[in-house]
Amino acid sequence: MQRHGPGGTAALRLRATGLLLLVAHLMIVGWLMLRPRTVPWVPAPNLEPLASISAELARGPWEAVTSLSGPVLLLAPLGILLPMSAGRLYASPVASLARTVFAGAMIALAVELLQTGVPGQVPDVDTVLLNTVGVAVAHLAVVPRCRSRLRRRYEHLGDATPKIPRVELTPQADVLSGFRTYL
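A. The arrangement of the nonpolar core in detail. Membership of the largest hydrophobic core is limited to 12 residues, which are L22, V29, M33, L74, L75, L78, L81, L82, A108, V111, V128 and V135. When neighbours within four sequence positions are excluded, A108 is seen to be in contact with L75, V128 and N131.

Take a look at the structure:
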């Protein structure tokens, strides 16, 4: 009998799909952010938090939205793919958000540190902040709703185990009846 609960084959397929999409997304991000660029000049790295964000906001609202949306959207799929690849259906929303945001921030920091050795790429601390905000917003927008929907689906399918009608017990499926464990 095929199981569809949180530990069944459907959950394994969901985790495998999440892991595959996560690896594909990280490869695309690595290709975009870590390839050398030929530019006539390179600005100095920004190590002051919120300096480039405030400079973009001073240029005007439309310019700020267009230039700051790129770093926000770059790692935003990690907010969905990291919990999907973990496969935890019954997780605390706060703990899940904390784990996902921390992992997203560490990936963003690793990409920025790797950029220091790539010609034409300039590290920026505000990019790490914007990437982390994108991960958090994507997680908050999608993951709690999807988890509650999946929990309702699995609770509906949870009664698929046949029960003895008069006593409401599930039948034992032990091969050797003397070795039953009652934990």
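B. Spotlight on helix α5 (residues 93–115). Taking 1.5 Å of rise per residue, the 23 residues of α5 would be expected to cover 33 Å, and the 33 Å separating its terminal C-alpha atoms lies within 8% of that figure. Of the residues making up α5, those classed as buried are S96, T100, G104, A105, A108, V111, E112 and Q115.

C. Structural view of the environment of L47. Note on placement: L47 falls in the loop between α1 (9–33) and α2 (51–59). Judged by relative accessible area, L47 falls into the exposed class, the value being 70%.

D. How the structure looks around the pattern of salt bridges. A full pass over the atoms with the stated rule returns one salt bridge. Across the pair E56 and R59 runs a salt bridge, and its minimum N-O distance is 2.9 Å. A residue pair is termed a helical-turn pair when its members lie 3 or 4 positions apart in one helix, as E56 and R59 do in helix α2 at three residues. Given a relative accessible area of 52%, R59 falls into the exposed group.

E. Inspection of the side chain of D126 at higher detail. Note on placement: D126 falls in helix α6 (residues 125–157). R59 is the oppositely charged side chain nearest to the buried, salt-bridge-free D126, at an N-O distance of 12 Å. Reaching out from D126, the side chain makes a polar contact with the side chain of N46 at a distance of 3.2 Å. Among the polar contacts made by the side chain of D126, one reaches the main-chain amide nitrogen of I53 at a distance of 3.3 Å.

F. Structural context of a positive patch on the surface. Together, R145, R149, R152 and R153 give the surface a local cluster of positive charge. Tracing the backbone shows R149 in helix α6.

Cut-offs used in this document
Residues numbered from 1 in each chain as written. Predicted model: local features only at pLDDT ≥ 70, side-chain atom pairs only at ≥ 80, totals over all residues. Heavy atoms only, no water. Core = buried A, V, L, I, M, F, W, Y, C linked by side-chain atoms within 4.5 Å. Buried < 20%, exposed > 50% of the residue type's maximum accessible area, 1.4 Å probe, protein only. Contact = heavy atoms within 4.5 Å. Helix = DSSP H or I, 4+ residues; strand = E, 2+ residues; numbered from the N terminus. Expected span 1.5 Å × (residues − 1). Salt bridge = Lys/Arg side-chain N within 4 Å of Asp/Glu carboxyl O. Lys, Arg positive; Asp, Glu negative; His and termini not counted. Polar contact = N/O pair within 3.5 Å; in protein donor to acceptor, adjacent residues only side chain to side chain. Patch = residues over 30% accessible without salt bridge, like charges linked within 9 Å, V, L, I, M, F, W, Y side chains within 5 Å. Areas by Shrake-Rupley, 256 points an atom, 1.4 Å probe, with all protein chains shown as cover. Charge placed at Lys NZ, Arg CZ, Asp CG, Glu CD.

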